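Spelled out from the first residue to the last, the chains are:
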Amino acid sequence: METTLVSVGSNVPDFEMETYEPSHGDFGKVSLADIKKAGKWTVLVFYPADFTFVCPTELADLADQQVKLAELGAHVVAVSTDTKFAHMVWRNTEGLMKNVKYTLAADTTGAVSRLFGVYDSGTGLALRGTFIINPEGKLVTSEVNFYNVGRDAGELVRKMEANVHLMANPSEACPAKWTPGSKTLKPGKDLVGNVAAAMALN
């Protein structure tokens, strides 16, 4: 059965996965429908596998930013094709994972990984994909790295901050390296060919 890939700007079909929840040390389930119902943003962080090498460095970095992401209204879900049982053991044995309190989801069939175009059929693993879904269910950010390049969770926070600002201010646009409180742009005929001048204004 062929999977239709979700693209930026489109609505994400509802999905559900089994999870290990480090915050209360038990198994559970996560569904996009429930996250939307709660009015939350969904941050999906796909990674290749438990008990590997770059992955725990990424998830530890993400753990350092989990409070900021929660304050921005995000439900963070780290996803691999491992089982929820492997997630539990890895979380509780790997030293770099000790501060991870966000959801660890088990995409054992690869169905959700395929939906986002990160499933590697040659290995049965997921590439390093990061996706932000707004509370209405629209995919607003997509980033995919190969196996050997780790991500920066600080940049994920910056993208979340920009997306939250733009949802509240849809007539604006955030330029490169935008951070909260800095200048935004208001696209229109007067801005065409005059971005440098607009950025220079206080």
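Scope of this entry: the structure provided in the associated data block. (Residues numbered from 1 in each chain as written. Predicted model: local features only at pLDDT ≥ 70, side-chain atom pairs only at ≥ 80, totals over all residues. Heavy atoms only, no water.)

**Topic: the layout of surface pockets**
Logical step 1: Within this model, the largest pocket holds a volume of roughly 180 Å³.
Logical step 2: Around the largest pocket sit 16 residues that line it, and Thr-130, Arg-151, Asp-152, Ala-153 and Leu-156 are the ones nearest its centre.
Logical step 3: Counting only elements with at least two residues in the lining of the largest pocket, the list comes to α2 (54–64), β9 (139–145) and α6 (153–168). (1 Å grid on protein atoms, 1.4 Å probe; cavity = no way out; pocket = protein on both sides within 12 Å on 5 of 7 lines; lining within 4 Å. Points joined across faces, edges and corners; volume = space filled by probe spheres on them. Helix = DSSP H or I, 4+ residues; strand = E, 2+ residues; numbered from the N terminus.)

**Some remarks on α6**
Logical step 1: Taking 1.5 Å per residue, 16 residues should reach 22 Å; α6 reaches 23 Å between its end C-alpha atoms and fits that length.
Logical step 2: Every buried residue belonging to α6 is among Ala-153, Leu-156, Val-157, Met-160, Ala-162 and Asn-163, and all of these are buried.
Logical step 3: Looking at the packing, one finds that the buried side of α6 touches β3 (41–46), α2, α3 (66–71), β4 (74–80), β8 (128–133) and β9.
Logical step 4: Sitting at the amino-terminal end of α6 is Asp-152, which places a side-chain oxygen 2.8 Å from the backbone nitrogen of Gly-154. (Expected span 1.5 Å × (residues − 1). Buried < 20%, exposed > 50% of the residue type's maximum accessible area, 1.4 Å probe, protein only. Contact = heavy atoms within 4.5 Å. Polar contact = N/O pair within 3.5 Å; in protein donor to acceptor, adjacent residues only side chain to side chain.)

**Comments concerning the sheet that holds β3**
Whenever strands of a sheet pair, they do so through backbone hydrogen bonds, lying parallel or antiparallel.
Logical step 1: In spatial order, the strands read β2-β1-β5-β4-β3-β8-β9; together these 7 strands make up an open sheet with mixed pairing. Looking at which strands have only one partner, the edges of the open sheet turn out to be β2 (26–31) and β9. When strand polarity is set aside, the average angle formed by the axes of neighbouring strands in this sheet is 25°.
Logical step 2: Sheet analysis places β4 next to strand β5 (residues 103–106), joined by 4 bridges and oriented parallel. What sits directly across from Ser-80, in β5, is Ala-106. (Pairing = 2+ DSSP bridges. Axes fitted to C-alpha atoms, helices over the stretch in contact; angles between N-to-C directions.)

**Things to note about the side chain of Lys-84**
Logical step 1: By secondary structure assignment, the location of Lys-84 is in helix α4 (residues 84–93).
Logical step 2: A relative accessible area of 17% means that Lys-84 is categorised as buried.
Logical step 3: Sequence-distant contacts of Lys-84, that is, excluding residues within four places in its chain, are made with Glu-18, Thr-19, Tyr-20, Phe-27 and Ala-106.

**Concerning the pairing of β9**
Logical step 1: Two strands pair when backbone bridges link them, and β8 and β9 are joined in this way by 6 bridges, in the antiparallel orientation. Bridging from a neighbouring strand, Thr-130 pairs with Glu-143 of β9.
Logical step 2: Connecting β8 to the antiparallel partner β9 that follows it, the hairpin turn spans 5 residues, and Gly-137 within it adopts a positive phi of roughly 95°.

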